[in-house]
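Examination of the molecular architecture
Letter by letter, the chains look like this.
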Amino acid sequence: MTLLEILRVALRALRRAKMRSFLTTLGIVIGVSAVIAMVAIGDGAKARVQANFDSMGANMLMVMPGTTTSGGAHGGFGSLPTLTWDDLAAIQTLSAVRYAVPYLRTAASVVSEDANWTTSVGGTSPDYFAIRNWPAAKGSLFTSSDVDATTKVILLGQTVATQLFGAGVDPVGQQVRVMNVPFQVVGLLAPKGQSSFGQDFDDVVIVPHTTFRAKIQGGLKNLISGAIQVSATGPDTTTKAENQMRSLLRDRHRLGQDKDDDFSIRNMAEIAAGAADSVGTITSLLAIIAAVSLLVGGIGIMNIMLVSVTERTREIGVRMAVGARSRDILLQFLTEALVLATAGGLLGVAVGVAGAQWTARFMGWSVLYRPEVMVIAVVFSGLVGVVFGLYPAHRASRLDPIQALRFE
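Residues numbered from 1 in each chain as written. Predicted model: local features only at pLDDT ≥ 70, side-chain atom pairs only at ≥ 80, totals over all residues. Heavy atoms only, no water.

With their axes 7 Å apart at the nearest point, helix α11 (residues 326–363) and helix α12 (residues 371–397) run at an angle of 150 degrees to one another. If you check the angle between α11 and α12, you find them roughly antiparallel. Crossing hand, α11 versus α12: right-handed. (Axes fitted to C-alpha atoms, helices over the stretch in contact; angles between N-to-C directions. Helix = DSSP H or I, 4+ residues; strand = E, 2+ residues; numbered from the N terminus. Parallel < 35°, antiparallel > 145°, perpendicular 65-115°, else oblique. Left-handed = near helix turned anticlockwise from the far one by under 90°.)

Right under this line is the structure:
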């Protein structure tokens, strides 16, 4: 018999028991759909984590002020300013650093003619927007001359602009007040969205850091009452920039080998990679657990195929009596197992895609489909069918024709 004839006979045998064939493939369908859905949701989560960190800035590092110890009490990072403006100037000269800017922050109420909104007020330099990849959607960003002249100009995030002036209204040219100080809106920042932790990046206003110190929150002379944000020259130099800054600051702060750092450097690339790896590990674990269903489905195929061999013993005897070889019987039952498993795999892919899409829409998650995972899942399901169908097929091919014809 040719392979085409064997396939036709196998399909005819499966059609005779449609419900049993469907129930046999159900384990494969569940296993494949679970794998597809878990991997798609997990990859979507990894992509979202990476996008959140990308929106925070390119090759970004944050230098935070250090700890203080007073009377045996220990304070956390930021409890005592330890970074100076001279430190910032020195960091800007490092070979692995492209940009380095101060970022001063406080919470304050921003007031327009008709509304007010309490938000985060930041003070920084123009290079901050290059670090954060944050252009102006309308108007323009403030410049170095605004910093030098302590100009009372302000940039609004999308959320603040909507709360103060309404959705779709261009705020450029309008005046707002911060701490009873009038500021002219020169730009509306492009939307950044929310982080995976629910932080609204657009709920912010930004002014020149000199204006921030003079008009909003008094400075600490040469100490920076905030953090320093740094962009490395490239993705491969973030670790080099981190090491250079740590060595520089320890030297400038005269910290001996037995002294801890009085500052903290956060490498956002490492944090992003760690978060993505954590999500990937969880996704892989869930996919492995889901793949166990494929093995359970394979056992179901073996069980039903053994029952089928018993039920069709007389048919097998007749086929052998009219010239069918043991090889033909073996291939027929193997083909039936392969068709059942592959059909279950294809149906499982469709169910998995639909399930992932529904879950993402219902839970507000994102999904990312990988065609190679779908192909591997279908191929693996077919392999499961062959492996678990081999014993029943071998058993059918080894039946004695005479005994099979006598079987009732």
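Turning our eyes to something else, we now look at a positive patch on the surface. There is a patch of like positive charges on the surface, built from Arg8, Arg12, Arg15 and Lys18. Among the elements that line the positive patch, the one with the most residues is helix α1 (residues 3–15), at three residues. Mapped onto the secondary structure, Arg8 falls in helix α1. Looking at Arg8, the relative accessible area reads 42%, which means it is partly exposed. (Patch = residues over 30% accessible without salt bridge, like charges linked within 9 Å, V, L, I, M, F, W, Y side chains within 5 Å. Areas by Shrake-Rupley, 256 points an atom, 1.4 Å probe, with all protein chains shown as cover. Salt bridge = Lys/Arg side-chain N within 4 Å of Asp/Glu carboxyl O. Lys, Arg positive; Asp, Glu negative; His and termini not counted. Charge placed at Lys NZ, Arg CZ, Asp CG, Glu CD. Buried < 20%, exposed > 50% of the residue type's maximum accessible area, 1.4 Å probe, protein only.)

Now for helix α10 (residues 313–321). Three or more residues of α10 are buried, namely Thr313, Ile316, Gly317, Arg319 and Met320. The buried residues of α10 all sit within an arc of 165 degrees when viewed along its axis, so they share a single face. Once α10 finishes, Gly323 follows within two positions and takes phi at roughly 120 degrees, a positive value. (Arc of directions from axis to C-beta.)

With that settled, the discussion passes to the pattern of salt bridges. As enumerated under the stated definition, the model contains four salt bridges in all. The residue Asp87 makes a salt bridge to Arg252 at a minimum N-O spacing of 2.6 Å. Taken together, the positions of Asp87 in helix α3 (residues 85–91) and Arg252 in helix α8 (residues 238–252) put the pair 165 residues apart, joining distant regions of the chain. Judged by relative accessible area, Asp87 falls into the buried class, the value being 2%.

Moving on, we get to the packing of aromatic side chains. In this structure the tally under the stated criterion is three aromatic pairs. Aromatic side chains Tyr103 and Tyr128 sit 5.1 Å apart centroid to centroid with 20 degrees between the ring planes, which places their arrangement in the stacked category. Here the residue Tyr103 occupies a position in strand β4 (residues 97–111), and Tyr128 occupies one in helix α4 (residues 127–131), the gap between them amounting to 25 residues. Tyr128 sits in the buried class, given a relative accessible area of 2%. When the centroid spacing of 5.5 Å and the interplanar angle of 75 degrees are considered together, the rings of Phe129 and Phe142 count as edge-to-face. Of this pair, Phe129 sits in helix α4 while Phe142 sits in the loop between β6 (136–139) and α5 (144–148), and the two are 13 residues apart along the sequence. (Phe/Tyr/Trp six-rings, centres within 6.5 Å; stacked < 30°, edge-to-face > 60°.)

Scored by pLDDT, the protein has a mean of 82; 84% of the residues are at 70 or more. Summarising per-element confidence for the protein, the mean pLDDT is lowest in strand β2 (residues 69–70) (40) and highest in strand β7 (residues 153–156) (97). (pLDDT = per-residue confidence, 0-100.)

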